[in-house]
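# Chain and residue survey
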Amino acid sequence: MSETDDEEQRRAQRLDKITALFGSPFDQTRFDKTDDAAGIKKQFEHLANGDRTEHEVKIAGRIMALRNNGMFLDVQDETDRIQVFHDLKKAPETVLALLDLLDLGDIVGVVGVIRRTPRGEITVDAKSLTLLSKALLPPPEKYHGLKDIDTRYRRREQDLAVSSQARDVLRARFKMTGAIRRFLQDQGFLEVETPMLQVIAGGAMARPFLTHHNTLDIPLYLRIAPELHLKRIVIGGLAEKVFELNRNFRNEGMSPKHNPEFTMLELYQAYVDFEAMIEIAEKIVEHAARTLHGSSKVMYGDKELDFIAPWPRKSMVDLITEHTGLNLYDVPDPTLATEKARQKGIKIEDGLSWGQIAEFIFGEHVESHIIQPTHVIDLPKEISPLSKAWQDRPHVAQRFESYVNGWEIANAFSELNDPREQRARFLEQAEQKRSPDEPPHPIDEDFIQALAFGMPPMGGLGIGIDRLAMLLTNSTSIRDVIVFPTMKPLR
């Protein structure tokens, strides 16, 4: 018999014995907690070693350690661990019998009084012990932690139970999103909701997930971006300032920075341009940093990132020139630009437009060098189908992307509101070079019709919540900041 089989047999025997003595360990429906571990430690931090109080508490949580036949238990709740003491010489027979049958991972309720042990540990001296739920699976490696990275993400509940770091990272992520939500509401933005199932996957250039609605007998797509619906809300006059913390789905590659399901903040404000979006992007990110760290400065690995506004603004083409020596403004013809790029040792495929060439070279040779928060401005119009162009520079969009640590974290523009120009842009986008198995980008006629109804001048902004959370929690993988990341099934 293997060690695992032997452990499962012992646990089965204990379960049978518990049921015989106390009834099912799953019959409890409630336990009236009055305190948590962290609160108790804070409240009684003044106690001297050896001091005992008559202050009664009711705590509940998971058993993380069992010592001396149950004389000492470590019970963990959502805030911290706390030690529980049973006087085995005075405890009732029923308590002694229960202690003998407990396992690591069991969830218990304890009523007791507070003292500090002679060795200085805040402890609950138990008056009563209740088994609230039995753990039928053994803990991972005796609660020393899940060392296999893949298993950590597949068995997230176990990872969270044993890893305070995992809990701290995810709590920080959700604290960050809460702070962003409150910040925008304080600025007068209305939080709204848009469809996650869409007839046309619009608002961004990405491969969608396809599903089918049986009753309507139509294909539907999981949302790749909420942009077009959010603009229609502003067009309708529900609010001039709207935002959504939205879940998006893109059927594309996976990496430490990419998960097929991810969270974006998208917001739109009427009567402003991309300059206003630069300011609000800086405010949002700096506010998030200060919320989590009390400072605009954040350590990521061995780098100190400073999110204090204002951030530098640099042209995409100027950055390409700086890092490659190639000035694309001097070669507006895409064929000549491709030739010049190859002369510089840049491997680039045939058939790309001028804007696609700039985008490719920037992605391959520039963005990884942008460490401190920086706005990359003046992106090509060809790769910005929803953005207004500059009147004096019609090939350049009123758009920026924000980069930190070599990662794009934000994207924004002065929104295009001419339905005639928008249709032409969509058609141009559909004709651009794509991979052989990728269909042309669809044209959203409902959105074109909404624009024809009249959309005010408007600025729009998107911020990648998962990547921002990675930066602010010093996490190296997007999976660390997503509770349940997408995983390939084991079978």
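Residues numbered from 1 in each chain as written. Predicted model: local features only at pLDDT ≥ 70, side-chain atom pairs only at ≥ 80, totals over all residues. Heavy atoms only, no water.

### Points about helix α9 (residues 316-324)
Think of an α-helix as 3.6 residues a turn; residues three or four steps apart then line up on the same face. Put simply, the rule is: The rule is simple: take the accessible area with a 1.4 Å probe, protein chains only, and divide by the maximum for that residue type; under 20% is buried, over 50% is exposed, in between is partly exposed. Numbering goes from the N terminus for both helices and strands, where a helix is a DSSP run of H or I of at least four residues and a strand is a run of E of at least two. Each C-beta atom gives one direction from the helix axis, and the arc is the one those directions make. When checking whether two residues touch, look at their non-hydrogen atoms; a contact exists if any pair is within 4.5 Å. For the purposes of these results, a polar contact is taken to be a pair of N or O atoms within 3.5 Å, where, inside protein, one atom must be able to donate a hydrogen and its partner to accept one; residues adjacent in sequence count only when each atom of the pair is a side-chain atom.
Taken together, the buried positions of α9 are M316, V317, L319, I320 and T324. Projected down its long axis, α9 shows its buried positions confined to an angular sector of 160 degrees, all on one face. Against the buried residues of α9 lie β14 (313-315), α11 (354-365) and β15 (374-377). Put simply, S315 is the residue that caps the front of α9, since its side-chain oxygen is 3.3 Å from the backbone nitrogen of V317. Two residues or fewer after α9 comes G325, characterised by a positive phi angle close to 80 degrees.

### Observations concerning the sheet that holds strand β7 (residues 197-198)
Across a sheet, strands are paired by hydrogen bonds formed along the backbone, either parallel or antiparallel in direction. Quick note on the threshold: Pairing between strands is defined by DSSP: at least two bridges between the two strands are required.
Within the open sheet, the three strands sit side by side as β7-β9-β8. Their pairing is antiparallel. Whereas interior strands pair on both sides, the edge strands pair on one side only; in this sheet they are β7 and β8 (210-213). Where β7 lies against strand β9 (residues 218-222), two bridges are found, and the strand directions are antiparallel. Bridging from a neighbouring strand, L197 pairs with L222 of β9.

### Concerning the pairing of strand β1 (residues 52-67)
Pairing between β1 and strand β4 (residues 107-116): eight bridges, direction antiparallel. The residue of β4 that forms the bridge with I59 is V110. For β1 and strand β2 (residues 72-76), the ladder comprises five bridges, and the chain directions are antiparallel. Counterpart to A65 in the pairing with β2 is D74. Taken together, β1 and the strand that follows it, β2, pair antiparallel across an intervening segment of four residues, in which N68 is found at a positive phi of about 55 degrees.

### Quick look at the sheet that holds strand β3 (residues 81-85)
Applied cut-off: Axis definition: a line fitted to C-alpha atoms, over the contacting stretch in the case of helices. Angles run 0 to 180 degrees between N-to-C directions.
With mixed pairing, five strands are arranged side by side around a closed barrel as β1-β2-β3-β5-β4. Direction aside, neighbouring strands of the sheet carry axes that sit 50 degrees apart on average. Here β4 runs beside strand β5 (residues 122-133); their pairing, made up of ten bridges, is antiparallel. Residue pairing in the sheet places V108 in a bridge with L131 of β5.

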